[in-house]
Amino acid sequence: MAVDPEQARDVARWRASERTRLRAERQALSVRGRAAVGRALAEHLRELLFTRFDRAQGRVVSAYWPIKGEPDLRPLMADLHAAGVTLALPLVEHRAAPLVFRRWTPDTIMVLGSWNIPVPPPEADALTPDITLAPLVGWDSQGCRLGYGGGYFDRTLAALTPRPFTIGIGFHSAYLTTIFPQPHDIPLDVILTQEGVQVSRQTP
């Protein structure tokens, strides 16, 4: 699909501005406020996995390590592990390439990866996720995600066959009328906020 270069530049500038605004709003929340959002999101996610994926038994779930004020789902990750769910975390092993997913447990000794984000060590098993959680900076009613701008998540989804079921995790206040999707933007299957499911594009 042809892309008008000037329009693409305008969208890139607008997205950069929105990222700055939404991240500042997120960081301005109190620690208590962010913790409450994390707890509410965890309960909605637990219910989603319980009702639509049979508790995610026999599935590989890719989560994320929270940074920059993102909702903290680590307590739920520990609960899922205890319930027998296989968990993985994404990491950048090669710049401008799809993400790699490596197995995580509460006992995993983490190392610092790209941008100093804690990740499983290289010897952790590489896995292919069935369900992937994607932290959101912003989101719209079409299920499109505004991320951090590196393109890693879209690049990864485009490379995975079959594509995992994707669940965007974010703040309800991060809603945007549109992110002005571009050809490389891949809509997510579900958008989940502390208010529950906001977008559901398909069933598993």
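So, here's what we can say about the structure. Remember, it's a predicted structure, so these values are computed and weren't measured experimentally.

1. Let's talk about helix 3 (residues 74-82)
Think of an α-helix as turning once every 3.6 residues; residues three or four places apart then point the same way. By the burial criterion, the buried members of helix 3 are Leu76, Met77 and Leu80. One side of helix 3 carries all its buried residues, which in axial view fall inside an arc of 105°. Turned more than 90 degrees away from the buried face of helix 3 sit Pro75 and Ala82, all of them exposed. Next to the buried residues of helix 3 lie helix 2 (31-52), strand 2 (86-91) and strand 3 (100-104). Within two residues after helix 3, glycine 84 carries a phi angle of roughly 95°, on the positive side.

2. Observations concerning the packing of aromatic side chains
If you walk through the whole model with that rule in mind, you get 4 aromatic pairs. With a centroid separation of 5.1 Å and 90° between ring planes, the pair formed by tryptophan 14 and phenylalanine 180 is classed as edge-to-face. With tryptophan 14 in helix 1 (residues 5-28) and phenylalanine 180 in the loop between strand 9 (165-169) and strand 10 (190-193), this residue pair connects regions lying 166 residues apart in the sequence. Its relative accessible area of 27% is what places tryptophan 14 among the partly exposed residues. Aromatic pair phenylalanine 53 and phenylalanine 165: ring centres 5.0 Å apart, planes at 70°, arrangement edge-to-face. Of this pair, phenylalanine 53 sits in the loop between helix 2 and strand 1 (60-62) while phenylalanine 165 sits in strand 9, and the two are 112 residues apart along the sequence. As far as the burial class goes, phenylalanine 53 and phenylalanine 165 line up, both buried. Directly above the aromatic system of tryptophan 65 lies the positively charged group of arginine 74, at a separation of 4.9 Å from the ring centroid.

3. Regarding the nonpolar core
By size, the foremost hydrophobic cluster in this structure holds 43 residues, and its most contacted members are Leu45, Leu73, Ile131, Leu133, Ile167, Ile169 and Leu188. Within the residue set of this core, elements represented by two or more residues are helix 2, helix 3, strand 2, strand 6 (131-135), helix 4 (152-159), strand 9 and strand 10. Sorting elements by how many residues they give to this core places helix 2 first, with 6 residues. Contacts of isoleucine 167, omitting those with residues within four sequence positions, involve Leu45, Leu48, Ile131, Thr132, Leu133, Ala134, Leu188, Val190 and Leu192.

4. Some thoughts on the pairing of strand 6
For strand 6, the buried fraction is high: 5 of the 5 residues fall into the buried class. On strand 6, burial covers both faces: Ile131, Leu133 and Pro135 on one face and Thr132 and Ala134 on the other are all buried. Of the pairings in the sheet, the one linking strand 1 to strand 6 comprises 2 bridges and is parallel in character. Residue serine 62 lies in a different strand from strand 6, and its bridge partner there is threonine 132.

Cut-offs used in this document
- Each chain carries its own residue numbering, running from 1 in the direction its sequence is written.
- Residues qualify for local features only when their pLDDT is at least 70, as the model is predicted, and side-chain atom pairs are given and counted only at 80 or more; totals for whole chains, interfaces and linings, by contrast, use all residues.
- Each side-chain value is derived from all of the structure's non-hydrogen atoms; neither hydrogens nor water enter the calculation.
- Here's how the labels work: a residue is buried when its accessible area is under 20% of the maximum for its type, exposed when over 50%, partly exposed in between, all with a 1.4 Å probe on protein chains only.
- Strands are runs of DSSP state E lasting at least two residues, helices are runs of H or I lasting at least four, and both sets are numbered from the N terminus onward.
- This arc corresponds to the set of directions leading from the helix axis out to the C-beta atoms.
- Residues count as neighbours in contact if any of their non-hydrogen atoms are within 4.5 Å of one another.
- Ring pairs shown here join Phe, Tyr and Trp side chains whose ring centres sit within 6.5 Å, with only the six-membered ring taken for Trp; geometry is labelled stacked below 30 degrees between planes, edge-to-face above 60, and tilted in between.
- Whether a charge lies above a ring is judged from NZ of Lys or CZ of Arg, which has to be within 6 Å of the ring centre and within 35 degrees of the ring normal.
- In this text, buried Ala, Val, Leu, Ile, Met, Phe, Trp, Tyr and Cys residues form a nonpolar core when linked through side-chain atoms within 4.5 Å.
- Strand pairing is assigned whenever DSSP identifies at least 2 bridges connecting the two strands.

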